[in-house]
Amino acid sequence: MSDTSRTPEADAKYVIGVDVGTGSARAGLFDLTGRMLASAKRNITLFHEAGSMVEQSSTEIWAAVCAAVREAVSSAGVDPASVKGLGFDATCSLVVLGEGGKPLPVGPSEDPNRDIIVWMDHRAVPQAERINALGHDVLRYIGGRISPEMETPKLLWLKENRPEVFDAAWQFFDLADFLTWRATGDLSRSTCTVTCKWTYLAHEKRWDGDYFHQIGLGTLADEEFARIGQAIVEPGSALGRGLTTAAAGELGLKSETPVAAGLIDAHAGGIGTVGTGAGPQANLAYVFGTSSCTMTSTAEPSFVPGVWGPYYSAMVPGLWLNEGGQSAAGAAIDQLLSFHPAAAEARELSKRAGVSLPVLLADMAARKAGRSSDAVTLAAGLHVVPEFLGNRAPFADPHARAIIAGLGMEDDIGSLVSLYVAGLCGIGYGLRQIIETQADAGVTIENIVISGGAGQHDFVRQLLADASGKPVIATKAEEPVLLGAAILGAVAGGLFADVREAMTTLSAVETTFLPSEGPIPDIHDKRYEGFKELQALARKLRIGI
Ligand SMILES: Nc1ncnc2c1ncn2[C@@H]1O[C@H](COP(=O)(O)OP(=O)(O)O)[C@@H](O)[C@H]1O
Ligand SMILES: O=C(CO)[C@H](O)[C@H](O)COP(=O)(O)O
């Protein structure tokens, strides 16, 4: 018998995706066609300290998440009871909590509010180097070398430099796992976080105790991994009994709303995009935000030196993942622009126009060039290797640094536009280098599917297609990373059978940016050769002098 008292609204079903990037926490409310009805954002603080230290506050981040979720729900005007699932993604930063979930200070400030070592923090370079020198077998599954951005070098740093904090810690979380614990009280970790950043071997469903003993973290193994994850579940798995009453109150949702095991942010970008068109194995997900991540899925494990992985089931369930990228990408463009004499004037202009500085410059470059592809000529003679925070892939070299070649006496906004274009070309050549390195190891892709805040501009998309020589696909989702997180919520809420079904149903191609024809490819080929020469020269200078 049908219930005639029910309105269509009473039957409506929505899901929420939460994305905690480096600079902000965002929430998006989606319907079951993948349409985003509303979103909201709150900026979060980064504390910088000498010694390549970058810290954050888990308390601030949780408050930002709650405020963003409340605003998204209220601005969409939907009944919180119609939210049937919640998914989280976050940067791969390390959260350190004491008994009762009390934040512990991770650095010399002694400020307990600074309880997160952010992914981009390079304090653990010496620890990473010592771990690499041991050459343990688990390193084969992280591209051959551990990165100081991963969690075990950071844990070792804590143990060696802040032993009282290491000993007092009740739990060490990847940020996405912290958020799901905070929401549900469930301590399960996601296979995504622990496989990609903590050396968990998902293909064998085990930690390697020997690795922890060899590197000096044997205590974590002796405790049977109780502080870093005993229950490890697939992203999208429903956690606990859903939202606790307390968390539901903070988020403005109903208690017991299903909550999914989460993902690292780049992986959410992958889930939100790679299901489209030719599918996961043909599409490389390029997540272009503060950093950039290249996410490539394969049926069999592929060992590509200098490219993280192969990780089993860390992004698309049942597939292996190779993850490359650049530690600074959007952040490298920001840094590059800040050096220019016209930066302050241009920033004022961008404020007045209500856009960010890179968006203003992308608009100006597109207008100046007429056709986006022709903008490469604005960068004639200017070359940038934007490795301000090292080379994440394919050299796995945290010591690499940026090069800018071809500067003159120009100080006007026009020359700032040229520098921006040259910087973006450098990002594109880094992407091309990773794609080529993977191809040499037998991992080939057809398309790049783009997401992330820096990948939203059509000018950027065309320039990356030209610089990399691969079609760049933009999907219909306005915010693919948020969609990726929402997909997890939809699966946890039982609205789709699994992540693969939700991925292919909810993402679709919007526009394909094909690499330009005519004289442009030749210009990029030559510039790319120059890029590689400058990169090699930087290595030589560093080693030789
Ligand atoms: N058109 C653009 N060109 C280059 N960089 C951009 C552009 N738009 C945004 N960015 C950069 O992207 C980064 C923000 O990306 P986003 O994905 O929102 O950040 P998060 O890493 O916090 O998730 C910033 O460094 C910003 O300057
Ligand atoms: O290491 C990563 C993924 O493995 C990310 O680069 C890191 O989490 C930061 O992401 P974003 O640039 O989107 O803030």
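The rules behind each value
- Per chain, residues are indexed from 1 in the order of the written sequence.
- Each chain is given a letter, starting from A, and each ligand a number, starting from 1, according to the order in which they appear as written.
- Only residues with pLDDT of at least 70 are given local features in this predicted model, and only at 80 or more are side-chain atom pairs given and counted; all residues enter the totals for whole chains, interfaces and linings.
- Calculated side-chain values reflect all of the structure's heavy atoms, with hydrogen atoms and water omitted.
- UniProt positions are given in the numbering used here, feature names are shortened, and annotations may be inferred rather than shown by experiment.
- Helix and strand assignments follow DSSP, with helices taken as H or I runs no shorter than four residues and strands as E runs no shorter than two, numbered in order from the N terminus.
- Just to be clear, the radius of gyration here is over C-alpha atoms, and the globule rule we use is 2.2 Å times residues to the power 0.38.
- Relative accessible area decides the class of each residue, using a 1.4 Å probe on protein chains only: under 20% of the type maximum gives buried, over 50% gives exposed, and in between gives partly exposed.
- Residue contacts are defined here by distance: any two heavy atoms, one from each residue, within 4.5 Å place the two residues in contact.
- Under the convention used here, a 1.4 Å probe and the Shrake-Rupley method define accessible areas, while residue burial counts only the protein chains that appear.
- Counting rule applied: Lys, Arg positive; Asp, Glu negative; His and chain ends not counted.
- Positions of charges follow a simple convention, taking NZ of Lys, CZ of Arg, CG of Asp or CD of Glu.
- We define proximity as follows: a residue is near a molecule or strand when any one of its heavy atoms falls within 4 Å of that partner.
- Whenever a nitrogen or oxygen atom comes within 3.5 Å of another N or O atom, the pair is scored as a polar contact, on the condition that within protein one atom can donate a hydrogen and the other can accept it, and that pairs from neighbouring residues in sequence are kept only if both atoms are in side chains.
- Here the expected length of a helix is defined as 1.5 Å per residue gap, with one fewer gap than residues.
- Any Phe, Tyr or Trp ring, taking Trp's six-membered ring, that has another such ring centre within 6.5 Å forms a pair; planes under 30 degrees apart are called stacked, those over 60 apart edge-to-face, and the others tilted.
- Strand pairing is defined by DSSP finding a minimum of two bridges between the two strands.
- Each axis is a line fitted through C-alpha atoms, taken for helices only over the stretch in contact, and angles between the N-to-C directions span 0 to 180 degrees.
- An automatic or database domain assignment is the source of the domain bounds shown.
- For any pair of parts, buried area is found by adding up, for both, the accessible area (1.4 Å probe) each one loses once the two are put together.
- Here roughly perpendicular refers to angles of 65 to 115 degrees, roughly parallel to angles under 35, roughly antiparallel to angles over 145, and oblique to all remaining angles.
- Amino acids are sorted into nonpolar (Ala, Val, Leu, Ile, Met, Phe, Trp, Tyr, Cys and Pro), charged (Asp, Glu, Lys and Arg) and polar (every other residue, Gly among them).
- Any carboxyl oxygen of Asp or Glu within 4 Å of a side-chain nitrogen of Lys or Arg constitutes a salt bridge here.

Identification of the protein as D-ribulokinase from Rhizobium laguerreae is taken from an unreviewed UniProt entry. Per its UniProt entry, the protein bears the Sequence similarities (unreviewed entry) comment "Belongs to the FGGY kinase family."

Trainee: Help me out: how do you make sense of the overall build of the protein in this one?
Mentor: Looking only at helices and strands, the protein features 19 helices and 22 strands. The C-alpha radius of gyration computed for the protein amounts to 23 Å, which stays within 12% of the reference 24 Å derived for 545 residues, consistent with globular compactness. Counting only C-alpha atoms and orienting by the principal axes, one finds that the protein spans roughly 70 × 60 × 45 Å. Here the protein holds 545 residues, and the buried ones make up 60% of them. Taking the intrachain contacts of the protein between residues at least 6 apart in sequence as the baseline, contacts between residues at least 24 apart amount to 72%. Accessible surface computed for the protein: about 19800 Å², of which carbon and sulfur atoms make up 52%. Seen as two clouds, the 44 positive and the 63 negative side-chain charges of the protein have centres 2 Å apart.

Trainee: How do you make sense of the site of ligand 2 when you look at a structure like this?
Mentor: Close to ligand 2 lie 14 residues, the nearest being Thr22, Lys197, Asp265, Ser291 and Glu323. Within the contact set of ligand 2, an oxygen atom lies 2.4 Å away from a side-chain nitrogen or oxygen of Thr22. A distance of 2.8 Å is found between an oxygen atom of ligand 2 and a side-chain nitrogen or oxygen belonging to Asp265. Broken down by element, the shell around ligand 2 gets its largest block of residues, 3 residues, from helix α11 (residues 265-271).

Trainee: Where do I start with unusual backbone geometry in this structure?
Mentor: With the exception of glycine, most residues fall at negative phi, and the peptide bonds are largely trans. Cis geometry marks the peptide bond from Gly309 to Pro310, where omega comes out at 0°. Its place among the elements puts Pro310 in strand β16 (residues 308-312). With an omega of 5°, the peptide bond between Ala393 and Pro394 qualifies as cis. Within the fold, Pro394 resides in the loop between β18 (383-385) and β19 (403-405). In this model, Thr199 sits at a positive phi of 70°, which is unusual for a non-glycine residue. Along the polypeptide, Thr199 turns up in the loop between α7 (191-197) and α8 (209-215). Under the relative-accessibility criterion, Thr199 is labelled buried at 5%.

Trainee: Hey, could you run me through helix α14 (residues 357-369) in this one?
Mentor: Each turn of an α-helix holds 3.6 residues, which means side chains three or four residues apart point in the same direction. Under the 1.5 Å per step criterion, the end-to-end length of α14 is 18 Å for 13 residues, consistent within 8% with the ideal 18 Å. In the segment just after α14, Gly370 is the residue with positive phi, at about 80°.

Trainee: Can you walk me through the packing of aromatic side chains in this structure?
Mentor: Think of a pair of aromatic rings as described by two things: how far the centres are apart, and how the planes are tilted against each other in angle. Within the structure shown, the criterion is met by 19 aromatic pairs. Centroid distance Phe173 to Trp181: 5.4 Å. Interplanar angle 25°. Geometry classified as stacked. Assessed through its relative accessible area of 16%, Trp181 is described here as buried. On the basis of an interplanar angle of 25° and a centroid distance of 6.5 Å, the ring pair of Tyr420 and Phe459 is categorised as stacked. Of this pair, Tyr420 sits in helix α15 (residues 413-440) while Phe459 is found in helix α16 (residues 458-468), placing the two residues 39 residues apart along the sequence.

Trainee: Help me out: how do you make sense of the environment of Ala278 in this one?
Mentor: Along the chain, Ala278 turns up in the loop between α11 and β14 (283-288). As a C-alpha pair, Ala278 and Ala90 span 188 residues in sequence and 27 Å in three-dimensional space. Those residues in contact with Ala278 that sit more than four places away from it in its chain are Asn283, Glu446 and Asn447.

Trainee: Honestly, the sheet that holds strand β1 (residues 14-20) in this entry has me stumped. Any pointers?
Mentor: Sheet strands pair by backbone hydrogen bonding; their relative direction is either parallel or antiparallel. Taken together, 5 strands build an open sheet; the order of strands is β3-β2-β1-β6-β13 and the sheet is mixed. Looking at which strands have only one partner, the edges of the open sheet turn out to be β3 (36-43) and β13 (263-264). Of the strands in this sheet, β1, β2 (24-31), β3, β6 (83-90) and β13 touch helix α17 (residues 480-492), which is tilted by about 130° from β1.

Trainee: Would you explain the UniProt feature "domain: Carbohydrate kinase FGGY N-terminal" (unreviewed entry) in the protein in this entry?
Mentor: Taking the numbering used here, the UniProt-annotated feature "domain: Carbohydrate kinase FGGY N-terminal" (unreviewed entry) corresponds to residues 14-272. Helix makes up 34% of residues 14-272 and strand 22%, and the two end C-alpha atoms of the span are 16 Å apart.

Trainee: I would appreciate a short explanation of the side chain of Ser297 in the present structure.
Mentor: Within the element layout of this structure, Ser297 appears in strand β15 (residues 292-298). Apart from residues lying up to four places away in sequence, Ser297 is in contact with Pro280, Gln281, Met315, Val316, Leu319 and Trp320.

Trainee: Explanation requested: the domain arrangement of the protein in the structure shown.
Mentor: Often, the extent of an interface is quoted as the loss of accessible area upon association of its parts. Per the domain assignment, the segments making up the protein are domain 1 (10-263) and domain 2 (330-435 + 522-544). Put simply, the middle of domain 1 and the middle of domain 2, counted by C-alpha atoms, are 32 Å apart. In this assembly, 8 residues from domain 1 lie in contact with 5 residues from domain 2. Summing the contributions of domain 1 and of domain 2, the shared interface buries around 600 Å²; its carbon and sulfur component is 58%. In terms of surface lost to domain 2, no three residues of domain 1 exceed His122, Arg145 and Glu149, which account for 50% of the buried area on that side.

Trainee: Help me understand the packing of α14 against α15, please; the structure alone is not making it clear to me.
Mentor: Packed helices, taken two at a time, are described by the angle between their axes plus the distance between the axes. At their nearest, the axes of α14 and α15 sit 9 Å apart, and the two run at 100° to each other. For the element pair α14 / α15, the angle class is roughly perpendicular. Contacts between α14 and α15 pair Pro358, Leu361, Ala362, Met364, Ala365 and Lys368 from the former with Ile413, Gly414, Leu416, Val417, Tyr420 and Val421 from the latter. Across the contact of α14 with α15, the residue classes break down as 10 nonpolar, 1 polar and 1 charged.

Trainee: How do you make sense of the sheet that holds β15 when you look at a structure like this?
Mentor: Reading across from one edge, β16-β17-β15-β14-β20-β21-β22 is the order of the 7 strands in this open sheet, with mixed pairing throughout. Lying at the two open borders of the sheet, with one neighbouring strand each, are β16 and β22 (509-513). Taking the axes of each pair of neighbouring strands and ignoring which way they run, one obtains an average angle of 25° across the sheet.

Trainee: I would appreciate a short explanation of the pattern of salt bridges in the present structure.
Mentor: Pairs may arise between side chains of opposite charge once their charged atoms sit close together. Per the counting criterion, the structure on display carries 24 salt bridges. Between Arg371 and Asp374 there is a salt bridge, and its shortest N-O distance comes to 3.0 Å. Of the residues examined, Asp374 reaches a relative accessible area of 26% and is grouped as partly exposed. Two residues, Arg432 and Asp525, come together in a salt bridge whose shortest N-O distance is 2.8 Å. Taken together, the positions of Arg432 in helix α15 and Asp525 in helix α19 (residues 520-544) put the pair 93 residues apart, joining distant regions of the chain. When its relative accessible area of 36% is taken as the criterion, Asp525 is described as partly exposed.

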